[in-house]
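Here are the chains, one letter per residue:
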Amino acid sequence: MSRREATLGWDIGGAHLKGCLLEGSTLRDIAQWPCPLWQGMEQLDAALAQARSRWSGAWAAGLRHAATMTGEMVDLFEDRAQGVARIADRLAQSLGPTLRLFDAEGDWRGPAEVGEHWDGIASANWCATARVLAARVDDAMLVDIGSTTTDLIPIRAGRVAAHGATDAERLLTGELVYQGVVRTPLCALGPRVACDGRSINVMNEFFATTADVYRLTGELAPAHDQAATADGRGKDLAATRQRLARMIGLDAAAASEAQWLALAEWWKEAQLREIAGQLARVTEESGLPADAPVIGAGCGAFLAAQVAQRCGRRFLRYAEVALPSPTHDAALAAWADVCAPAVSVALLACARG
């Protein structure tokens with residue numbers, strides 16, 4: 001296998017490392033590893049070592065690497081510029097001279113160019129995904145719900161039509177919603193919950209996360225449930241109920257399993273309502289046609305499908321739009337949805353040649 005024939009796409013987040021192996025334009029493998037980058041650069045080293053072990057044959061044969069990132073935002077770094085520089089440097093040491101970094105401003109950058117172009121490289125993974133889709137559909141709304149954040153990116157007339165570019169700008173426009181289906185603290189979803197017909201103030205503590213909600217509803221796939229729990233205890237249903245109970249000052253024994261499930265459904269509805277509201281805002285601002293579909297991605301694609309239904313829009317998965325159907329099986333397609341930015345930078349690099 002020559003370097004021209006194989007491409008590894010990378011997405012370096014604050015909590016996960018995601019990778020995608022292409023041979024030509026054919027999808028061969030996708031994987032995700034926990035990478036709590038705020039704990040130190042050794043977390044990235046360990047995740048890259050696992051990737052190298054998984055893809056040792058392709059690595060030995062020689063291949064090109066295309067990367068995007070959001071991990072520069074973690075508080076390990078003094079600022080985002082330092083974060084981009086340190087991540088790019090560590091990638092260059094590990095991946096070698098074929099590494100190119102995706103720049104949302106329109107080009108690919110080598111590690112030596114990072115200092116001058118860090119702001120186009122920072123938190124640009126959403127743009128890579130949207131560009132791949134924009135080359136394949138005229139009008140759509142990308143709804144990428146991950147472990148931590150949600151991207152709402154309009155595509156109009158075959159181009160990315162986002163009004164914001166940086167995280168700060170996208171928070172302002174509503175195109176970035178800082179909620180996901182794994183790591184979001186439940187106290188971020190609202191100051192009160194409805195329980196047994198009563199409104200109860202929640203404890204503003206890191207007692208439980210959205211993973212507890214979707215683990216209890218049965219919608220979060222175990223393979224995507226990679227983050228540590230809030231209390232460091234197990235991910236079984238009993239431990240999950242106890243974390244939910246703690247949010248309202250109780251123990252799990254104080255209510256039935258059905259009552260705790262109802263509370264989880266309340267938190268799910270709060271998140272659905274917030275994302276759907278932001279989607280309506282972005283849709284109106286972009287002038288998206290009523291028949292434009294929602295294209296879902298991320299480990300929360302199941303929630304994106306429900307958002308689409310609530311907004312009366314047709315739902316498509318990222319993989320069915322971005323990948324030619326003969327090139328992947330169902331399992332790889334599901335992982336392509338979860339790791340859409342890694343797949344996207346690999347596809348963009350392959351198309352660039």
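Everything below is about the structure printed above this text.
Computed from a predicted model, the values in this text were never measured in an experiment.

A.B. asks: Would you explain the environment of Gly71 in this entry?
C.D. replies: Following the sequence through the fold, Gly71 ends up in the loop between strand E4 (64-69) and helix H3 (80-95). Sequence spacing of Gly71 and Trp38 is 33 residues, and the spatial spacing of their C-alpha atoms is 8.6 Å. Not counting the four nearest positions on each side in its chain, Gly71 is found in contact with Ile12, Gly13, Gly14, Leu37, Phe77 and Ile87.

A.B. asks: When you look at the nonpolar core in this model, what are you seeing that I'm missing?
C.D. replies: What tends to happen in soluble globular proteins is that the nonpolar side chains get buried as a cluster. By size, the foremost hydrophobic cluster in this structure holds 83 residues, and its most contacted members are Val181, Trp267 and Tyr318. Apart from the residues within four sequence positions on either side, Val181 is in contact with Ile145, Gly146, Ser147, Thr210, Ala211, Tyr214, Leu220, Gln271, Cys299, Gly300, Phe302 and Leu303. Listed in part, the 33 residues of the second largest apolar core include Leu44, Ala58, Leu63 and Val74.

A.B. asks: Honestly, a nonpolar patch on the surface in this entry has me stumped. Any pointers?
C.D. replies: A contiguous nonpolar surface patch, about 310 Å² in accessible area, is contributed by Met73, Leu171 and Tyr178. Position of Leu171 relative to the elements: it lies in helix H6 (residues 167-173).

A.B. asks: Please clarify how the packing of helix H7 (residues 210-217) against helix H9 (residues 257-286) should be interpreted in this entry.
C.D. replies: Close contact between H7 and H9 brings their axes to 9 Å; oriented N to C, the two are set at 120°. What the angle tells us is that H7 and H9 run oblique. Crossing handedness for the pair H7 and H9: left-handed. Residues Thr210, Val213, Tyr214, Leu216 and Thr217 of H7 form the contact with H9, whose own contacting residues are Trp260, Leu261, Ala264, Glu265, Trp267, Lys268 and Gln271. Here the residues of the contact of H7 with H9 sort into seven nonpolar, three polar and two charged.

A.B. asks: Even after reading the chapter, I still don't get helix H8 (residues 237-247), so can you show me in this structure?
C.D. replies: Helical geometry note: an α-helix holds 3.6 residues per turn, so side chains three or four residues apart project in the same direction. Taken residue by residue, H8 has Ala239, Thr240, Arg241, Arg243, Leu244, Ala245 and Met247 as its buried positions. Elements in contact with the buried residues of H8: strand E12 (198-201), H7 and H9. Positioned one or two residues after H8, Gly249 has a phi angle of 75°, which is positive.

A.B. asks: Looking at this structure, how should I read the pairing of strand E13 (residues 294-297)?
C.D. replies: The side chains of a regular strand alternate between both faces of the sheet. Across the two faces of E13 the burial is the same, with Val294 and Gly296 and Ile295 and Ala297 all buried. As paired elements, strand E7 (residues 140-145) and E13 share four bridges and run parallel to each other. Within E13, the position partnered with Val143 by the bridge is Gly296. By the bridge criterion, three bridges tie E13 to strand E14 (residues 315-317) in an arrangement that is parallel. Bridging across to E14, Ile295 finds its partner in Leu316. After leaving E13, the chain enters helix H10 (residues 301-310) and then returns to the sheet as E14, a path that is right-handed.

A.B. asks: Please explain helix H13 (residues 340-352) as it appears in this structure.
C.D. replies: Along its 13 residues, H13 runs 18 Å from first to last C-alpha, staying within 8% of the 18 Å computed at 1.5 Å per residue. Within H13 the residues assigned to the buried category are Ala340, Pro341, Ala342, Val343, Ser344, Val345, Ala346, Leu347, Leu348 and Ala349. Phi turns positive one or two residues past the end of H13, at Gly353, with a value near 80°.

About the thresholds
- Residues numbered from 1 in each chain as written.
- Predicted model: local features only at pLDDT ≥ 70, side-chain atom pairs only at ≥ 80, totals over all residues.
- Heavy atoms only, no water.
- Helix = DSSP H or I, 4+ residues; strand = E, 2+ residues; numbered from the N terminus.
- Contact = heavy atoms within 4.5 Å.
- Core = buried A, V, L, I, M, F, W, Y, C linked by side-chain atoms within 4.5 Å.
- Buried < 20%, exposed > 50% of the residue type's maximum accessible area, 1.4 Å probe, protein only.
- Patch = residues over 30% accessible without salt bridge, like charges linked within 9 Å, V, L, I, M, F, W, Y side chains within 5 Å.
- Areas by Shrake-Rupley, 256 points an atom, 1.4 Å probe, with all protein chains shown as cover.
- Salt bridge = Lys/Arg side-chain N within 4 Å of Asp/Glu carboxyl O.
- Axes fitted to C-alpha atoms, helices over the stretch in contact; angles between N-to-C directions.
- Parallel < 35°, antiparallel > 145°, perpendicular 65-115°, else oblique.
- Left-handed = near helix turned anticlockwise from the far one by under 90°.
- Nonpolar A, V, L, I, M, F, W, Y, C, P; charged D, E, K, R; others polar.
- Pairing = 2+ DSSP bridges.
- Right-handed = clockwise from strand over helix to strand, strands pointing away.
- Expected span 1.5 Å × (residues − 1).

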